[in-house]
Amino acid sequence: MKSKVLVTGANGQLGKTIKEISSNYIESITFVFVEKSELDITKKDEVDRFFKLNDFDYCINCAAYTNVDLAETEIEIALDANANAVKHLALSSKTYDVTLIHISTDYVFDGTNTRPYKEDDTTNPINQYGETKLLGEQYIKENLEDYFIIRTSWLYSKFNKNFVKTIFNKLKTDEKLTIITSQQGTPTSCLDLSNFIVFLIKNTIKNYGVYHFSARGNTTWYGLGAHISAYLNKTTNVSPIEDYPSKAKRPQYSVLDNQKVETLTNKPLKNWEESVDEVLKSLSQH
Ligand SMILES: NC(=O)c1ccc[n+]([C@@H]2O[C@H](COP(=O)([O-])OP(=O)(O)OC[C@H]3O[C@@H](n4cnc5c(N)ncnc54)[C@H](OP(=O)(O)O)[C@@H]3O)[C@@H](O)[C@H]2O)c1
């Protein structure tokens, strides 16, 4: 049976990546992609009407307020998109028997761990973005049983604006860059994450709950920048700095433990370097 899948926030980098791979699944999945202009998930009645009109099996929520620094001052807007709207999606999913696949973040943790974060580790966000995303998670858990909450970290892709693309483009024009070493985390390719999401749908996985999905290994933003510079033979363009001031605090350590995902898929995840190289290769061809 073909699954009908709604993808919200389709104009974001994850939404665009899912759209790109969707053509591989036309036989088994009917995707419906909606951008914010077509479905603003903060509008409860519109969300409900949309779910009522369509017979969705899944909703992949790629919509979010993702500007971590601006969220410190635009708290209400962030709260609306990352928490209240997620509640609307959860309630409509419940009413119309839809499985919700929601994307959350490593920023629900405070970064004081000294080993990778497991799904049931204590959350304790240290910025507004993390607070709002955690509240979104809680609304899902309170209102729904058939859900996947996938926490991921440091997303990048060939689409839109992200760290990998920005560094790549700056190095291409021979800029000299100073990048921070203070945070440890794992860059995650939207393509790898999209493939995992499709895996859940294609295999009608019923092991609902929270999952941590990133690549394997970890690095710092400087380490990631240095990797990109090595790819472009521009290692002398990048130098480390401990930290820069920013509006929002960020966890010093937000590495995610991927054991649960690897057990589910029965497959090791890719190392972050391998996945970054795939995107760098694709950026080089444009
Ligand atoms: N980026 C990361 O490093 C990272 C790390 C961990 C987790 N995540 C999570 O991963 C998910 C995907 O992130 P991403 O990087 O693909 O984000 P993104 O590129 O910023 O895309 C988010 C999309 O959501 C849309 N949107 C915002 N408010 C909306 C609303 N009220 N209704 C409908 N759409 C709305 C945005 O539209 P406009 O641009 O028009 O506002 C944008 O197209 C998010 O849940 C994010 O929290 C991201």
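Let us look at the structure shown here. Values in this document were obtained by computation on a predicted structure and should not be read as measured data.

About the criteria used
Numbers given for residues are sequential positions, taken from 1 along each chain in its written order. Note on the predicted model: pLDDT of at least 70 is required for a residue's local features to be given, and 80 or more for side-chain atom pairs to be given and counted; whole-chain, interface and lining totals, by contrast, use all residues. Excluding hydrogens and water, the side-chain figures rest on all heavy atoms present in the structure. Near, as used in this document, describes a residue that has one of its heavy atoms within 4 Å of the molecule or strand being considered. N or O atoms closer than or at 3.5 Å make up a polar contact, with two conditions inside protein: a donor-capable atom paired with an acceptor-capable one, and, for residues adjacent in sequence, both atoms drawn from side chains. Only DSSP runs of H or I with at least four residues qualify as helices, and only runs of E with at least two residues qualify as strands; both kinds are numbered from the N terminus onward. Classification convention: Asp, Glu, Lys, Arg as charged; Ala, Val, Leu, Ile, Met, Phe, Trp, Tyr, Cys, Pro as nonpolar; all other residues, Gly among them, as polar. For every residue, the accessible area obtained with a 1.4 Å probe (protein chains only) is divided by the maximum for its type, and the residue is called buried under 20%, exposed over 50%, and partly exposed between those limits. When a carboxyl oxygen of Asp or Glu lies within 4 Å of a side-chain nitrogen of Lys or Arg, that pair is called a salt bridge. Any two residues whose heavy atoms approach within 4.5 Å at even a single point are treated as in contact. As used in this record, nonpolar core signifies buried Ala, Val, Leu, Ile, Met, Phe, Trp, Tyr and Cys residues forming a set joined through side-chain atoms within 4.5 Å.

1. Thoughts on the site of the ligand
Next up, step 1: Of all residues adjacent to the ligand, which total 22 residues, the nearest are L14, D40, T66, Y129 and K133.
Next up, step 2: In this structure, an oxygen atom belonging to the ligand sits 3.2 Å away from a main-chain N or O atom of A64.
Next up, step 3: Between the ligand and K133, the relevant distance is 2.7 Å, taken from an oxygen atom to a side-chain nitrogen or oxygen of the residue.
Next up, step 4: Of all the secondary structure elements, the ones that give two or more residues to the shell around the ligand are α1 (13–22), β4 (99–105) and α4 (128–143).
Next up, step 5: Element by element, the count of residues in the shell around the ligand is highest for β4, at three residues.
Next up, step 6: Residues belonging to the shell around the ligand are distributed by class as follows: 10 nonpolar, nine polar and three charged.

2. Concerning helix α7 (residues 221–231)
Residues that lie three or four places apart on an α-helix share one face, since the helix turns once every 3.6 residues.
Next up, step 1: All of the buried residues along α7 are W221, G223, L224, G225, H227, I228 and S229.
Next up, step 2: Positive backbone phi, at 55°, marks N233, one or two positions downstream of α7.

3. Here's the deal with the pattern of salt bridges
Next up, step 1: Summed over the entire model, instances satisfying the criterion amount to 11 salt bridges.
Next up, step 2: Among the salt bridges present, the one from K170 reaches E175, with a minimum N-O distance of 3.8 Å.
Next up, step 3: Accessibility expressed as a relative area gives 30% for K170, which makes it partly exposed.
Next up, step 4: Its relative accessible area of 35% is what places E175 among the partly exposed residues.
Next up, step 5: In this structure, E262 and R216 form a salt bridge, with 2.8 Å as the shortest nitrogen-oxygen distance. Here E262 is found in helix α8 (residues 259–265), whereas its partner R216 is found in the loop between β10 (209–212) and β11 (219–220), with 46 residues between them in sequence.
Next up, step 6: Note on R216: relative accessible area 36%, which makes it partly exposed.
Next up, step 7: Connected through salt bridges with shared partners, the residues D192, K270 and E278 form a single ionic network.

4. Some details on the environment of L6
Next up, step 1: Structurally, the position occupied by L6 is in strand β1 (residues 3–8).
Next up, step 2: Judged by its relative accessible area of 0%, L6 is buried.
Next up, step 3: A C-alpha to C-alpha distance of 9.5 Å links L6 and L100, two positions 94 residues apart in sequence.
Next up, step 4: The residues contacting L6, other than those within four sequence positions of it, are V32, V34, L39, F50, F51, F56, Y58, C59 and I60.

5. Regarding the nonpolar core
Next up, step 1: Core analysis: the largest hydrophobic core is formed by 30 residues, its most contacted members being I18, F31, I60, I101, I150 and I197.
Next up, step 2: For this core, the secondary-structure elements that each account for two or more residues are β1, α1, β2 (29–34), β3 (58–61), β4, β5 (147–152), α6 (190–202) and α8.
Next up, step 3: Ranked by residues supplied to this core, first place goes to α6 with seven residues.
Next up, step 4: Non-local contacts of I101, meaning those with residues more than four positions away in its chain, are made with Y58, C59, I60, N61, F148, I150, I197, L200 and I201.
Next up, step 5: Residues A81, W154, W221 and V238 belong to the second largest nonpolar core, which totals 28 residues.

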